[in-house]
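Each chain is listed here by its residues.
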Amino acid sequence: MRSILILNGPNLNMLGKREPAIYGATTLPEIEAACHAHAERRGIALTFLQSNHEGTLIDAIQAAPEAHAGIILNAGAYTHTSIALRDAIASIAIPVIELHLSNIHARESFRHHSMIAPACIGQISGFGAAGYTLAMDAMIGHLNEEQA
Ligand code: DQA
């Protein structure tokens, strides 16, 4: 069965409590449950992880190709700062989709630039928690195209 990894970076464990006017009221465990339900509907396997640590995220990206066909990555603030995450994405052959709950382009100027965007196949930003299942469908569509 095809497997996707959804990887969440720093402070995303605080969703629900964290700036709800920006990120919404849905918690990360609620998003995870919605993603698992969606994976079941689509007939794919899903691993859902969160870490506040850059190195742990890099380890997960490096190990992903052994078990997964693609990665959906909400790198949180590391999006805007981490050359190391970008290099990790560039070092693997499986596709990565950049994901954000908020529309990073409509926020502070320091969020407009993504270090990781050039290494990803695309970006989903601004659709709140729904972006997670949108990204899953985008990844499934991309993998189907790759296979065709
Ligand atoms: C975020 C946007 C980032 O700018 C921010 O640092 C986050 C969350 C989002 O999902 O909207 O932590 O990635």
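For the structure, see preceding data.
Cut-offs used in this document
Residues numbered from 1 in each chain as written. Predicted model: local features only at pLDDT ≥ 70, side-chain atom pairs only at ≥ 80, totals over all residues. Heavy atoms only, no water. Near = heavy atom within 4 Å. Polar contact = N/O pair within 3.5 Å; in protein donor to acceptor, adjacent residues only side chain to side chain. Nonpolar A, V, L, I, M, F, W, Y, C, P; charged D, E, K, R; others polar. Helix = DSSP H or I, 4+ residues; strand = E, 2+ residues; numbered from the N terminus. Buried < 20%, exposed > 50% of the residue type's maximum accessible area, 1.4 Å probe, protein only. Pairing = 2+ DSSP bridges. Core = buried A, V, L, I, M, F, W, Y, C linked by side-chain atoms within 4.5 Å. Contact = heavy atoms within 4.5 Å. Arc of directions from axis to C-beta. Axes fitted to C-alpha atoms, helices over the stretch in contact; angles between N-to-C directions.

Turning our eyes to something else, we now look at the site of the ligand. By nearness alone, every residue bordering the ligand is listed as R18, Y23, N74, G76, A77, H80, H100, L101, S102, I104 and R111. One nitrogen or oxygen atom from the main chain of A77 is found 3.2 Å from an oxygen atom belonging to the ligand. A distance of 2.8 Å is found between an oxygen atom of the ligand and a backbone nitrogen or oxygen belonging to L101. Residue classes in the shell around the ligand are distributed as four nonpolar, five polar and two charged.

Right, let's get into the environment of A33. The residue A33 is located in helix 2 (residues 28-42) in this model. Relative accessible area serves as the criterion here: at 46%, A33 is assigned to the partly exposed category. Spatially, the C-alpha atom of A33 lies 9.6 Å from that of F48, the residues being 15 residues apart in sequence.

With that settled, the discussion passes to the pairing of strand 1 (residues 3-8). By the criterion of burial, strand 1 is predominantly enclosed, with six of the six residues buried. Alternating residues of strand 1 divide into S3, L5 and L7 and I4, I6 and N8, and every residue in both groups is buried. Bridging between strand 1 and strand 2 (residues 45-50) involves six bridges; their strand directions are parallel. Within strand 2, the position partnered with N8 by the bridge is Q50. Across five bridges, the pairing between strand 1 and strand 3 (residues 70-74) is parallel. Paired with I4 across the bridge in strand 3 is G70.

Right, let's talk about the nonpolar core for a bit. I4, I6, I31, C35, I72, Y132 and M136 are the most contacted members of the largest nonpolar core, which totals 23 residues. Listing elements by their share of this core, those giving two or more residues are strand 1, helix 2, strand 2, strand 4 (96-100) and helix 5 (130-147). The element that contributes the greatest number of residues to this core is helix 5, accounting for six residues. Filtering out sequence-adjacent residues up to four positions away, Y132 remains in contact with I6, N8, L28, I31, C35, F48, N74, L99 and L101. Ranked by size, the runner-up nonpolar core spans 19 residues in total, among them L5, I58, L73 and C120.

A few words now on the side chain of N74. Topologically, N74 is positioned in strand 3. Engagement of the side chain of N74 in a polar contact is seen with the backbone nitrogen of G76, the distance being 3.1 Å. Engagement of the side chain of N74 in a polar contact is seen with the side chain of Y132, the distance being 3.4 Å. Residue contacts for N74: discarding those within four places in its chain leaves L7, N8, G9, L12, L99, H100, L101 and Y132.

Before going further, it helps to examine helix 4 (residues 83-90). What helix 4 keeps buried is the set L85, A88 and I89. For helix 4, the angular spread of buried residues about the axis comes to 100 degrees, placing them on one side. Those residues of helix 4 that are buried lie in contact with helix 3 (54-63), strand 3 and strand 4.

On to the sheet that holds strand 2, then. Strand order in this open sheet of five strands is 2-1-3-4-5, and the pairing throughout is parallel. With one partner strand each, in any of the chains shown, strand 2 and strand 5 (122-125) form the two edges of the open sheet. Within the sheet, the average angular offset between the axes of one strand and its neighbour, ignoring direction, is 20 degrees. Docked against the sheet, helix 5 engages strand 1, strand 2, strand 3, strand 4 and strand 5, running at close to 165 degrees with respect to strand 4.

Interpretation note: all reported values are geometric properties and have no functional meaning in isolation.
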